[in-house]
Amino acid sequence: ELTVVAQVVVRSNRNIDPFFGGGHEVYNVRRPLKTPPVKVQIKEFPAGAPANFNGAVGNYTISYKLPESEIVSNSADQFEITISGSGNLKFLTAPKLSLPESFELYDTKVVDNIKVSDTGTSGSITYAYPFVARSVGEFSIGAVEFCYFNPKTQQYNSLSTEPFTITVLDD
């Protein structure tokens, strides 16, 4: 239920020159609007959800851009993950990236390209993970995983990046 305000233009009885905006008057008319109730059936997720499942529903793919394989200590770089597809994209949370203790991970930047249409929501979301490597050495970074539920197949699916290695050189 809501109340809307409609502006109604009425020809004025006053004798005002139309050149100066006269000849009509505008009235705000309030009208209540109400839709009939709608029943929604909400299904529970099937048992056996993976531990990294965070509520994503739809059909997705994952792509990623790795940082340089060699960087200088105290320099910045970033890791990017793009999740594309159709489903509840607006409610996705950034997959967790685990970096070594000597890396400073900054706030994740999110860029979305989401389209909503009659057939649903589709598009992509890119998560950029900026970081600074503080210590010299060779570091292994584990795969980043993203899990979702596909309602068409009624199954949980997991997507992941490849693990990678970064060599941090002395500045």
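The structure under discussion appears in the preceding block.
Residues numbered from 1 in each chain as written. Predicted model: local features only at pLDDT ≥ 70, side-chain atom pairs only at ≥ 80, totals over all residues. Heavy atoms only, no water.

Trainee: Quick question: what am I supposed to make of the overall build of the protein here?
Mentor: Tallying secondary structure elements over the protein gives zero helices and twelve strands in all. The order of helices and strands in the protein, counted from the N terminus, is β-β-β-β-β-β-β-β-β-β-β-β. Radius of gyration (C-alpha) of the protein: 27 Å, far over the 16 Å computed for a compact globule of 171 residues. Projected onto the principal axes, the alpha-carbon positions of the protein cover approximately 85 × 45 × 20 Å. Counting all 171 residues of the protein, 27% fall into the buried class. Considering only residue pairs separated by 6 or more positions, the protein has 67% of its internal contacts joining residues 24 or more positions apart. Of the roughly 12,100 Å² that the protein leaves accessible, carbon and sulfur atoms contribute 51%. Computed over 14 positive and 18 negative side-chain charges, the separation of the two mean positions in the protein equals 21 Å. (Helix = DSSP H or I, 4+ residues; strand = E, 2+ residues; numbered from the N terminus. Rg over C-alpha atoms; globule rule 2.2 N^0.38 Å. Buried < 20%, exposed > 50% of the residue type's maximum accessible area, 1.4 Å probe, protein only. Contact = heavy atoms within 4.5 Å. Areas by Shrake-Rupley, 256 points an atom, 1.4 Å probe, with all protein chains shown as cover. Lys, Arg positive; Asp, Glu negative; His and termini not counted. Charge placed at Lys NZ, Arg CZ, Asp CG, Glu CD.)

Trainee: How should the pattern of salt bridges be read in this particular structure?
Mentor: Should their charged atoms come close, side chains of opposite charge can pair. In this structure the tally under the stated criterion is two salt bridges. The salt bridge involving Glu-1 is made with Lys-34; its shortest N-O contact spans 3.8 Å. Taken as a pair, Glu-1 in the segment before β1 (2-11) and Lys-34 in the loop between β2 (24-33) and β3 (53-65) lie far apart in primary sequence, 33 residues in all. Taking the relative accessible area as the measure of exposure, Lys-34 reaches 66% and is therefore exposed. The partner of Arg-134 in a salt bridge is Glu-104, with the nearest N and O atoms 2.7 Å apart. Of this pair, Arg-134 sits in the loop between β8 (120-133) and β9 (137-141) while Glu-104 sits in strand β6 (residues 103-105), and the two are 30 residues apart along the sequence. By relative accessible area, Arg-134 is classed as partly exposed at 36%. The partly exposed category is assigned to Glu-104, whose relative accessible area is 32%. (Salt bridge = Lys/Arg side-chain N within 4 Å of Asp/Glu carboxyl O.)

Trainee: Looking at this model, I keep getting lost on the nonpolar core. Mind explaining?
Mentor: Generally speaking, soluble globular proteins have nonpolar side chains that are buried together. Membership of the largest hydrophobic core comes to 25 residues, with the highest contact counts inside it found for Tyr-60, Ile-83, Leu-92, Phe-146 and Ile-166. Counting residues per element, the ones that place at least two in this core are β3, β5 (75-87), β8, β9, β10 (145-150) and β12 (164-169). Of all the elements, β8 adds the most residues to this core, at five residues. Beyond its immediate stretch of four places on either side in the chain, Leu-92 contacts Ala-56, Tyr-60, Ile-83, Ile-125, Tyr-127 and Phe-146. (Core = buried A, V, L, I, M, F, W, Y, C linked by side-chain atoms within 4.5 Å.)

Spatial relationships are all this shows, so hold off on functional conclusions.
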